[in-house]
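# Structural overview for review
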Amino acid sequence: MHDILTAPFLVELVRTATNMYQHGWDERNGGNISLLLEEEQVRDYVDVTHVLRTIPAGFTAPDLAGRYFLVTGTGKYFKNIQYYPAENLGLIRLAQDDSTVEVLWGFSDGGRFTSELPAHLMSHSARLAVDPANRVVLHCHPNNLLAMTFVHDLDERAFTRTLWQMCTECIMVFPDGVNVLPWMLCGTAEIGQATAEKMKTARLVVWAQHGIYGAGANLDEAFGLIETAEKAAEVYLKIARLPWKQTIPDVGLRQVANHLGLTVRKGFLD
Ligand code: 13P
Ligand code: ZN
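To keep things clear, this report deals only with the structure shown in the data block. (Residues numbered from 1 in each chain as written. Chains lettered and ligands numbered in written order. Predicted model: local features only at pLDDT ≥ 70, side-chain atom pairs only at ≥ 80, totals over all residues. Heavy atoms only, no water.)

### Re the site of ligand 1
What counts, and what does not: Residues are labelled near a given molecule or strand when at least one of their non-hydrogen atoms is within 4 Å of it. Pairs of N or O atoms are called polar contacts if they sit within 3.5 Å, as long as, within protein, a hydrogen donor faces a hydrogen acceptor (for residues adjacent in sequence, only side-chain-to-side-chain pairs). In this description, accessible areas are obtained by the Shrake-Rupley approach with a 1.4 Å probe, and a residue is regarded as covered only by the protein chains that are shown. Classification used: nonpolar for Ala, Val, Leu, Ile, Met, Phe, Trp, Tyr, Cys and Pro, charged for Asp, Glu, Lys and Arg, polar for all others including Gly.
Inspection of the region around ligand 1 gives N29, G30, G31, N32, T74, G75, T114, S115, E116, H139, H141 and H210 as its neighbouring residues. S115 has a polar side-chain atom sitting 2.6 Å from an oxygen atom of ligand 1. Against a free-state accessible area of 300 Å², the protein chains account for coverage of 93% of ligand 1. Considering only residue class, the shell around ligand 1 consists of no nonpolar, eleven polar and one charged.

### What to know about the coordination of the zinc ion (ligand 2)
Heads up, the condition is: Counted as donors are the N, O and S atoms within 2.8 Å of the metal, or 3.2 Å for Na, K and Ca, while water is not among the atoms, so some sites may look incomplete. Only protein chains enter the accessibility calculation, which uses a 1.4 Å probe; a residue whose area is less than 20% of its type maximum is buried, one above 50% is exposed, and one in between is partly exposed.
At this site the zinc ion (ligand 2) is bound by H139 (NE2), H141 (NE2) and H210 (NE2), with donor distances of 2.1 Å. Read N to C, the donor residues that coordinate the zinc ion (ligand 2) are spaced as H-x1-H-x68-H. For the pair H139 and H141, a shared accessibility class is recorded, and that class is buried.

### Let's talk about the pattern of salt bridges
Using the following cut-off: One speaks of a salt bridge when a side-chain nitrogen belonging to Lys or Arg is within 4 Å of a carboxyl oxygen belonging to Asp or Glu. Segments assigned H or I by DSSP are reported as helices when at least four residues long, segments assigned E as strands when at least two residues long, and all are numbered from the N terminus.
What the rule picks out here adds up to twelve salt bridges. Of the charged contacts in the structure, one is a salt bridge between K238 and E234, with a shortest N-O distance of 3.7 Å. One end of the pair is K238 and the other is E234, both in helix α10 (residues 219–239) and four residues apart, which spans about a single turn. Accessibility expressed as a relative area gives 57% for K238, which makes it exposed. Among the residues examined, E234 registers a relative accessible area of 34% and is labelled partly exposed.

### Digging into the packing of helix α6 (residues 143–151) against α10
Note the following rule: In this analysis, axes come from line fits to C-alpha atoms, helices being fitted only over the stretch in contact, and the angle between any two N-to-C directions falls in the range 0 to 180 degrees. Here is the rule for angles: anything less than 35 degrees is roughly parallel, anything more than 145 is roughly antiparallel, 65 through 115 is roughly perpendicular, and the remaining ranges are oblique. The crossing is said to be left-handed when, going from far helix to near helix, the turn is anticlockwise and less than a right angle, and right-handed when the turn is clockwise. We call two residues contacting when some pair of their heavy atoms lies within 4.5 Å.
As a packed pair, α6 and α10 sit with axes 8 Å apart at the nearest point and diverge in direction by 55 degrees. In terms of orientation, α6 and α10 fall into the oblique class. The hand of the α6/α10 crossing is left-handed. Contacts between α6 and α10 pair N143, N144, L145, A147, M148 and V151 from the former with I226, A229, E230, A233, E234, Y236 and L237 from the latter. Of the residues belonging to the contact of α6 with α10, the class tally is nine nonpolar, two polar and two charged.

### As for the side chain of T195
Mapped onto the fold, T195 is located in helix α9 (residues 189–199). In contact with T195, not counting residues within four places along its chain, are A119, S123, L181, V205, W207 and Y213.

### So, α9
Within α9, the full set of buried residues consists of I191, G192, A194, T195, A196 and M199. On its buried face, α9 sits against α5 (117–130), β7 (178–181), β8 (204–207) and β9 (211–216).

### Some points on the environment of G211
Tracing the backbone shows G211 in strand β9. Taking the relative accessible area as the measure of exposure, G211 reaches 5% and is therefore buried. Residues G211 and W25 lie 186 residues apart in sequence; the distance between their C-alpha atoms is 8.8 Å.

Written out as structure tokens, the structure is:
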């Protein structure tokens, strides 16, 4: 058995968590990460027949029974993940009853998985149905996107169009746009279901007055999505109260999409 602390997937997740913290997206325990792993990836590092603990999930995710995830722990500070990965992270498997979490490694101080596991696992299911290559769901609290949800219309088309207009790269990075949930109680199966519903049509889901979810085939992709949207939100907040002289016209956005052969979210361009 190899040391799991040397596993490429764990090293990459720790680096991503640290980077998210350094970007100011994950104050205290704000935010959470889940990475879907195949049994072949984990069995060199943990004995998959040896369950350390079982914890009721508090929700069901039928299509994910038997699937493995490396996830952040609830209440755990992002700044500490790099120093104490075994306390702050856990390798879990959803049991065959699809409502029990089996801990195979980590949460070594008796802790448990993030309170947002419903939103993570349900989002994984929703994204896998659209894109079988999806492996990552990230949640964080980036300042500018969060601030934008106080002053911008929460209509998804309007919100997306504003972000697309802030920087030419935006429509290239998220041509599927951004979906938005109104403020809701977090850490529940209800917000999990609502997030997953939104994940069917976009890889970015904003939680008004809370933060954002991003999904992707790998940690870089999910991180890059949030990074790009957050930069656009920052530009928006810099210019929102200034008189605009010009922006990227719809014909320009369409030109970018056509040039790269991208499928743009239907109805979001004039
Ligand atoms: P956890 O500490 O349970 O992961 O919760 C943090 C958070 O961001 C809640 O939305
Ligand atoms: Zn949060």
